[in-house]
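Residues per chain are reported as follows:
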Amino acid sequence: MRFLICLVLVSFDLRFLIFMKKLLKISLGLLIVLAILLFVTYQSGTEGDLKIYFFDVGQGDGILIRTPSHQNIVIDGGPDNAFITKLGQTLPFYDKTIDLMILTHPHDDHLFGLVEVLKRYQVKQILYSGVLHSTDAYEEWLGLIKEKEIPVKIALAGQEFVFAEVKLKVIFPFEDFTNVKVDNLNNTSVVVQLIYNDIKVLFTGDLEEEGEEEILRSSIFDLQSNVIKVGHHGSNTSSSENFLQQVLPEYAIIQVGEGNKFGHPSLRTLFKLERYSAKIFRNDLNGDILLESDGQEILSRTTKP
Ligand SMILES: [Zn+2]
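Cut-offs and rules
- Residues numbered from 1 in each chain as written.
- Predicted model: local features only at pLDDT ≥ 70, side-chain atom pairs only at ≥ 80, totals over all residues.
- Heavy atoms only, no water.
- Salt bridge = Lys/Arg side-chain N within 4 Å of Asp/Glu carboxyl O.
- Helix = DSSP H or I, 4+ residues; strand = E, 2+ residues; numbered from the N terminus.
- Buried < 20%, exposed > 50% of the residue type's maximum accessible area, 1.4 Å probe, protein only.
- Donors = N, O, S within 2.8 Å, 3.2 Å for Na, K, Ca; no water.
- Tetrahedral: all angles 85-135°; square planar, octahedral: opposite > 155°, others 65-115°.
- Core = buried A, V, L, I, M, F, W, Y, C linked by side-chain atoms within 4.5 Å.
- Expected span 1.5 Å × (residues − 1).
- Contact = heavy atoms within 4.5 Å.
- 1 Å grid on protein atoms, 1.4 Å probe; cavity = no way out; pocket = protein on both sides within 12 Å on 5 of 7 lines; lining within 4 Å.
- Points joined across faces, edges and corners; volume = space filled by probe spheres on them.
- Nonpolar A, V, L, I, M, F, W, Y, C, P; charged D, E, K, R; others polar.
- Phe/Tyr/Trp six-rings, centres within 6.5 Å; stacked < 30°, edge-to-face > 60°.
- Pairing = 2+ DSSP bridges.
- Axes fitted to C-alpha atoms, helices over the stretch in contact; angles between N-to-C directions.

### Let's talk about the pattern of salt bridges
For the structure shown, the criterion picks out 13 salt bridges. In this structure, Asp99 and Lys124 form a salt bridge, with 3.4 Å as the shortest nitrogen-oxygen distance. Separated by 25 residues along the polypeptide, Asp99 in the loop between β4 (97-98) and β5 (100-102) and Lys124 in the loop between β6 (122-123) and β7 (126-128) bring together distant segments of the chain. Residue classification places Asp99 among the buried positions, given a relative accessible area of 11%. The exposure class of Lys124 is partly exposed, given its relative accessible area of 43%. Glu292 is paired through a salt bridge with Arg301; the nearest N and O atoms lie 2.8 Å apart. Look at Glu292 and you get buried, because its relative accessible area is 13%.

Set out below in structure tokens:
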């Protein structure tokens, strides 16, 4: 009898121990989930601010737009893999989605870094001109888009892309460049205007005066914008007086590499921008440039003062 009671007591103790062990495991699991959730919330930050990063990628363009509801738009990817590194450092570790990738034109200083973005991120849509150009990087970029079956839109003036509270309007080109060979790729640049409440930002790629004239002649769009990403790295072949008179920018961003061999930006363009009292930021002097906006005001931050 005593033996039986002992057996019952031992088995009860054992079951209790197993139960406690399970409870401990579940609590630990819950604690880990809670910690991850808190971290994710902290990383996401508060909603409500538009962020535009003009990364210092050397001589080239590399832009990330993060909308107030945390959608990601990439415009160009710079001449090497500096862009993917900056992207990884900027986006939360769990966010591997690019909602829209825009290639303004397929010169390597805009395209090259985008190849790696296609490999490492889930890109939902592509916007580009469709223009013909034969370089290894462009072929690889096009091949990856096909392989991953990413939806592609050929850019045409008048198209609109809506990301909740942020709208992107395509301003240029006016013609379909699909499989068209051109002499000057710069003048096929996809130009878009971002609109977020009272704030407008104009991204011009490498568009030169000839393309600017075409936009002005069409007089379809209200070009006035608080910010301009200055065309063609501040070269004197872009930013005509007539064009700037329509844009009237308060901020001018020049994506340009330190000591570049082209002598960008040109002094003539800098003088013109200063005449419009635009506050000028340059990647070669200011490092990475971040503009933040609540839809009314713009705040700027740079990694170099
Ligand atoms: Zn360029």
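### Let's talk about the coordination of the zinc ion
The protein atoms donating to the zinc ion are Asp109 (OD), His110 (NE2), Asp206 (OD) and His233 (NE2), with metal-donor distances spanning 2.1 Å. Around the zinc ion sit four donor atoms; with metal-centred angles ranging over 86 to 156°, the donor geometry is irregular. Within one chain, the residues serving as donors to the zinc ion are arranged as D-H-x95-D-x26-H. Of the two residues, Asp109 sits in helix α3 (residues 108-120) while His233 sits in the loop between β13 (227-229) and α6 (241-247), which places them 124 residues apart along the sequence. This pair shows no difference in class: Asp109 is buried, exactly as His233 is.

### Here we look at the nonpolar core
Membership of the largest hydrophobic core comes to 31 residues, with the highest contact counts inside it found for Leu87, Ile98, Met101, Val117, Leu118, Ile126 and Trp141. Only α2 (82-90), α3, β7 and α4 (136-147) provide two or more residues apiece to this core. Residues Ile199, Val201, Ile289 and Ile298 belong to the second largest nonpolar core, which totals 30 residues.

### Description of α3
For α3, which comprises 13 residues, the first-to-last C-alpha distance of 19 Å matches the rise-based estimate of 18 Å (1.5 Å per residue) to within 8%. Residues of α3 that are buried: Asp109, His110, Leu111, Gly113, Leu114, Val115, Glu116, Val117 and Leu118.

### Quick word on the environment of Asn236
Looking at the element boundaries, Asn236 is found in the loop between β13 and α6. Asn236 sits 29 residues away from Pro265 along the chain, and the two C-alpha atoms are 7.7 Å apart. For Asn236, the residues in contact, after removing those within four places along its chain, are Glu209, Ser266, Arg268 and Thr269.

### Regarding the layout of surface pockets
Take a probe with the size of a water molecule and roll it over the atoms, and the empty space left behind shows itself. Its volume calculated, the second largest pocket comes out at about 190 Å³. In terms of lining, the second largest pocket is formed by Lys51, Tyr53, Phe55, Lys86, Gln89, Thr90, Asp288, Ile289, Leu290, Arg301, Thr302 and Thr303. With three residues, the single largest contributor to the lining of the second largest pocket is α2. Of the residues in the lining of the second largest pocket, the class split is four nonpolar, four polar and four charged.

### Quick look at the packing of aromatic side chains
The geometry of an aromatic ring pair is captured by the separation of the ring centres together with the interplanar angle, meaning the angle of the planes. Applying the stated rule across the entire model yields nine aromatic pairs. With 5.7 Å between their ring centres and 70° between their planes, Phe55 and Phe83 make a pair best called edge-to-face. Of the two residues, Phe55 sits in the loop between β1 (50-54) and β2 (62-66) while Phe83 sits in helix α2, which places them 28 residues apart along the sequence. For the pair shown, Phe55 and Phe83 are each scored as buried.

### As for the sheet that holds strand β17 (residues 298-302)
Backbone hydrogen bonds hold the strands of a sheet together, and the pairing may be parallel or antiparallel. Here we have eight strands laid out as an open sheet, ordered β8-β7-β5-β3-β2-β1-β16-β17, and mixed in their pairing. Whereas interior strands pair on both sides, the edge strands pair on one side only; in this sheet they are β8 (152-154) and β17. When the angles between neighbouring strand axes are averaged without regard to direction, this sheet yields 15°. Here four bridges tie β1 to β2, and the two strands are oriented antiparallel to one another. Across the sheet, Tyr53 pairs through a bridge with Leu64, a residue of β2. Most of the contacts of α3 go to strand β3 (residues 72-77), to which it runs at about 135°, and overall it touches β3, β5 and β7.

### Some points on the side chain of His264
You can see His264 is positioned in the loop between β14 (251-254) and α7 (267-275). Here His264 falls in the buried class, since its relative accessible area comes to 13%. If near-sequence neighbours (up to four positions away) are discounted, His264 is found in contact with Gln59, His232, His233, Ser235 and Val256.

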